[in-house]
Amino acid sequence: MMLIVLGVFVGGTAWTVLFSFTNIKIVPIFTPSEWINGFVGTANYDRLFHTDRWMECPALSHIGQADWQLQCRGALPNVVTYAVLSIILSISIGFLLAVFMDQKVRLEGMFRTIYLYPFALSFIVTGHVWAWILSPEYGLQGSIRQLGWTSFSFGWIADRQMVMYAIVIAGIWQGSGFVMALMLAGLRGIDDEIWKAAKIDGISTWRTYLQIVLPMMKPVMVTTFVIVSSGAVRIYDLVVAITDGGPGISSDVPTRYIYQNFSANLGQSLAASTCMLVAMAFILIPWIRMEFGKKG
Amino acid sequence: MSSTSITPIIPAGKKPKKLITTERVVVYSVLTLCALFFLFPLYIMVITSLKDIEAIRSGNIFVPTMHPTFTAWGKAWNSACTGLYCEGIKVGFWNSVRITGPSVIVSIAVASITGYSLANWPFKFSEVFFTILLVSSFIPYVVMLYPLVLITRWLGIFSTLPAVVLVHTIFGLPILTLLFRNYFSSLPQELFKAARVDGAGYWRIFFQVYAPMSVPIFTVAVILQITGIWNDFLFGVIYAGPTNYPMTVQLNNIVNSVQGGKEYNVDMAATILTGIVPLAIYFFSGKYFVRGIAAGAVKG
Amino acid sequence: MMKANSTPSVSVRGLALSYGAVQVLKALDLDIMDGEFLVLLGPSGCGKSTLLNCVAGLLEPSDGSVFIKGKNVTWEEPKDRGIGMVFQSYALYPQMTVERNLSFGLRVSGLPKEEIEKRVKRVGDMLQLGELLQRKPSALSGGQRQRVAIGRALVREVDVFLFDEPLSNLDAKLRAELRVEIKRLHQRLANTMIYVTHDQIEAMTLADRIAVMKGGTIQQLDAPQTIYNKPKNLYVAGFIGSPSMNFLKGKIEGSGTKAVFHLGNQKIPLNDYTPDAPIKPGAAVLGVRPEHIQIDMAATKATSDAYKAVVDLVEPMGSDSLVWLKIDDTLFSARVESNQHFDVGQKVNVRFRIGLASVFDEATGDRL
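Not measured: the values here are computed from a predicted model.

Rules used throughout
Residues numbered from 1 in each chain as written. Chains lettered and ligands numbered in written order. Predicted model: local features only at pLDDT ≥ 70, side-chain atom pairs only at ≥ 80, totals over all residues. Heavy atoms only, no water. Phe/Tyr/Trp six-rings, centres within 6.5 Å; stacked < 30°, edge-to-face > 60°. Buried < 20%, exposed > 50% of the residue type's maximum accessible area, 1.4 Å probe, protein only. Lys NZ or Arg CZ within 6 Å of the ring centre and 35° of its normal. Domains from an automatic or database assignment. Buried area = accessible area lost by both parts, 1.4 Å probe. Salt bridge = Lys/Arg side-chain N within 4 Å of Asp/Glu carboxyl O. Polar contact = N/O pair within 3.5 Å; in protein donor to acceptor, adjacent residues only side chain to side chain. Helix = DSSP H or I, 4+ residues; strand = E, 2+ residues; numbered from the N terminus. Nonpolar A, V, L, I, M, F, W, Y, C, P; charged D, E, K, R; others polar. Expected span 1.5 Å × (residues − 1). Contact = heavy atoms within 4.5 Å. Disulfide = S-S within 2.5 Å. Pairing = 2+ DSSP bridges. Axes fitted to C-alpha atoms, helices over the stretch in contact; angles between N-to-C directions.

Another point: the packing of aromatic side chains. Residues and elements named next belong to chain B. In the structure shown here, the tally under the stated rule is 55 aromatic pairs over all chains. Relative to Phe-283, the ring of Tyr-282 lies with its centre 5.1 Å away and its plane at 55 degrees, an arrangement referred to as tilted. On the basis of relative accessibility, which here comes to 49%, the residue Phe-283 falls in the partly exposed class. Aromatic ring contacts, followed pair by pair, group Tyr-116, Phe-180, Tyr-183, Phe-184, Phe-192, Tyr-202, Trp-203, Phe-206, Phe-207, Tyr-210 and Phe-218 into a single cluster. The ring of Phe-158 carries Arg-153 above its face, with NZ or CZ at 5.0 Å from the centroid.

Dropping the structure here:
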């Protein structure tokens, strides 16, 4: 049974990678000879990176490296925006919340329950709630305008430039409580005597957190980074629920692109899948180095 | 100075402190503000679902209605339209139950036995096997979507309940097997040896010695699988077929359906109903939940 | 031993600490003299670490005061108390080099750079940390780590050092080495040191005075030899010494120098005994250490001070052997040289060295 499952994992992944180099159509090819006949090299990748929906960078040569993110549009830049922001925000919010929770707080159990419950929900549920809250007409914007602040504007989900940030808000809402739980477990795992030693040395609490505890949290940070970023890379349901890629295709993401191109553009879909596989491999590097580096 | 010259005078005992310090105020305000941010969507969901559609159009999203009604809940459950038919989200609920039940049972049964074998009966390539398992649990599932379409088509089950159960089982197995393998490896080896000396065989040791000691890890696995499968969307859309769409897919269709104008109250009621199963598990399982999601967070 | 004109360096008055209904420390009074090495000894949960943490200011007492150098520091921050502390888990800052570990506290307090360098160099030389200074704690052995931790306390150049079970995480050989090093350090610096341990060998070898603790109280505070020879009560007597003291239950008849201890049918005169309290008739316990029991193999007939016993079991321990003996139904052990041979069931004469023994009142457990 497990061998079959592993066969599916290894075989399926290999199949996707291999056939991303062929002119595969909706009627798939299976045999090695068909693969050789259909081999087109990196043509699918070329086409993929020239598809505006995947990535569109106006005059890439004229802008600096740093502007790449701001200038480009499409599924790939969108997921990069989402991943970078959600990693930075959820890790920093999660760490700060954990530090605050670590201050011998009364009702800690209650706060923890509140911060963590969104993580139990489906992205579809989260997405629809936030879509409703952020909907311009009756949601936050409409309601605040109704209260008299008529110039108030918060129409991110209808704004091509801002829509990814709206999705980030929902993602943070769902995920940062979980990051807090991981970080708090890390903080609690730190030897009590380190705190005592720092107190004897006369190091203030915030300085101890920043200069002693934070560096000691490196393993927790790496684990959290891997978990958050691997989740961010495969973001799909949340986008489907909040905007379904809209307005237009301005909040499209790779998983959605891949899924929607299965019938029309299978070769490109497979090429895009392979790109995600490569991205995941890069994300795993720090974790692998940590896990296997210490044994060596 | 002789020791008698020291008399117990003030300061003595606990240092008197102000009950309210700036630091405490900051800590509690930040925690409370964040709690409000996290609770806000839940609040909006609930009050919206209790309004009638007029109250939503004319009212304010923050303000609860004076005349709460459960009409929207009834409609969401029984008669909301998904674009194809108008039978409410209850169809999706029962589909989700039919998908989740077998997937959870099959995946945990297979994973626990495999984990047990890996931990106690090392075979020649068990290390290689273990490494592949570890790597597999990180492969993004989108990479395997199309191959699995082909496999389920080849098996003749594409767009049926068995297909989606099979896919959930396959994707659940690597991480569950790791979970069980690590747990069983942490149990003392002497236990296994003692049972063998006592003449117990492979299955007897598993069912009578290991399984009773492993209630916590089974609980974690069940929580991980139920919440994970219940909350799934993508596999349901692709493999289940329209008659078997799980609750999340039905919810999405109800919300996106444009028949007869948008009914936000019904949408929110349906959203709550979809979220209620994992939320209930969350509230009742306590610490196991955190362990479960921590284990499952790496899943494909 | 204790210095003649000593003044208290650390004093504790009426110190109590309770968590809800659990009293961890019960109104303790304690004076530690300037330059004294005091060991707090006791089993886990006796309150010894709690007491040390209260002195350090890491725990707040529920009641009572702490004085250091005559100054009431009960409400002072740990850093302002003039103490340095060494922990069981070393508690080194893992991401900093040894040098930074030593200097971090000094930097934070804003000491001039040259002064920091001078102190780090001095301590580095004293503890032979020279070539380790640029390494991180993870690259050090357990013994080296603990030397660095001691160094971190030394650079503070304070008068009082606190040690919280500093050698418990080390293996036996390293423990013995570092024990000597700590003793040498104390001889050289002549600072006040308070040292918590559950290991009686550490306590005996290091201490000027030992405070034996139990249940949040100090049972006895004395020089090691006094604690060993004249334990104040049954608890201290049983806790100190390995193999542990034999307790023989019996009763006293007569009083003063004419008192006799009755053990079953045998009578043991107490005329050599040095009492702490007047000896009166009544139920009592005779405490004799195994090394203070002599076995007379040659003797065929019992002399006035030798008693008939039967060999029950022999435990060879290398340099010597522990022989378990029985008089009637009372079992006790004697320490003999390992070249002596005994057979189980063999009848022997034993002689108790009453001058080194202790007699306890059975009811109160106190030494008479």
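Here we come to the domain arrangement of chain B. All names here are of chain B. The domain boundaries assigned to chain B delineate domain 1 (22–69) and domain 2 (90–297). Summing both partners gives a buried area of about 670 Å² for domain 1 against domain 2, and 77% of it is carried by carbon and sulfur. The largest share of the area that domain 1 buries against domain 2 comes from Met-45, Ser-49 and Ile-53, three residues that together contribute 57% of it. Joining domain 1 to domain 2, the criterion identifies 0 salt bridges. On the surface where domain 1 and domain 2 come into contact, there are 2 residue pairs in polar contact (both at pLDDT 80 or more). Among the secondary structure elements, those contributing two or more residues to the side of domain 1 that touches domain 2 are helix H1 (22–49) and helix H2 (53–58). The element best represented in the side of domain 1 that touches domain 2 is H1, accounting for 4 residues. Taken together, the residues that form the side of domain 1 that touches domain 2 break down as 4 nonpolar, 2 polar and 3 charged.

Between the first and last C-alpha of helix H9 (residues 202–213) of chain B there are 16 Å, a value that for 12 residues agrees with the 16 Å anticipated at 1.5 Å per step. For H9 of chain B, the elements touching its buried residues are helix H4 (90–120), helix H7 (161–186), helix H8 (189–197) and helix H10 (215–230) of chain B.

The next thing to look at is the state of the cysteines. Residue and element names in this part refer to chain B. Taken as a whole, this structure holds 1 disulfide over all chains when the rule is applied. Sulfur-sulfur distance for the disulfide between Cys-81 and Cys-86 comes to 1.8 Å. Handedness of the Cys-81-Cys-86 disulfide follows from its S-S torsion of about 105 degrees: it is right-handed.

What follows deals with unusual backbone geometry. Backbone torsion omega between Ser-242 of chain C and Pro-243 of chain C reads -5 degrees, so that peptide bond is classified as cis. With respect to the helices and strands, Pro-243 of chain C occurs in the loop between helix H8 (234–239) and strand E11 (246–253). We note that Ser-159 of chain B has phi near 65 degrees; this positive angle belongs to a residue other than glycine. Among the structural elements, Ser-159 of chain B can be located in the loop between helix H6 (142–155) and H7. Residue classification places Ser-159 of chain B among the partly exposed positions, given a relative accessible area of 30%. Although it is not a glycine, Lys-69 of chain C sits at a positive phi angle of roughly 55 degrees. As for its position among the elements, Lys-69 of chain C is in the loop between strand E4 (63–68) and strand E5 (71–72). Of the residues examined, Lys-69 of chain C reaches a relative accessible area of 41% and is grouped as partly exposed.

All names here are of chain C. Here 5 strands make up an open sheet; going across it, the order is E13-E12-E11-E14-E20 and the pairing antiparallel. The open sheet has two edge strands with one neighbour each: strand E13 (266–269) and strand E20 (358–361). Strand after strand, the sheet turns through a mean of 40 degrees between neighbouring axes, direction not considered. The pairing of E11 with strand E12 (residues 260–263) spans 3 bridges and is antiparallel. Across the sheet, Glu-253 pairs through a bridge with Val-260, a residue of E12.

Looking now at helix H12 (residues 247–256) of chain B. Buried residues dominate H12 of chain B, accounting for 8 of its 10 residues. Every buried residue of H12 of chain B is listed here: Met-247, Thr-248, Val-249, Gln-250, Leu-251, Asn-252, Ile-254 and Val-255 of chain B. The secondary structure elements touched by the buried residues of H12 of chain B are helix H7 (123–134) and helix H13 (237–242) of chain A together with H4, H10, helix H11 (234–240) and helix H13 (264–285) of chain B.

What follows concerns the interface of chain A and chain B. Contact with chain A, which involves 73 residues of that partner, is made by 78 residues of chain B. Of the roughly 6,900 Å² buried between chain A and chain B on both sides combined, carbon and sulfur atoms contribute 80%. Ranking the residues of chain A by area buried against chain B places Met-2, Phe-9 and Trp-132 of chain A at the top, with a combined share of 11%. Across the chain A-chain B interface, the total number found is 0 salt bridges. It is helix H1 (residues 2–19) of chain A that provides the largest number of residues to the side of chain A that touches chain B, a total of 11 residues. Considered class by class, the residues forming the side of chain A that touches chain B number 54 nonpolar, 14 polar and 5 charged.

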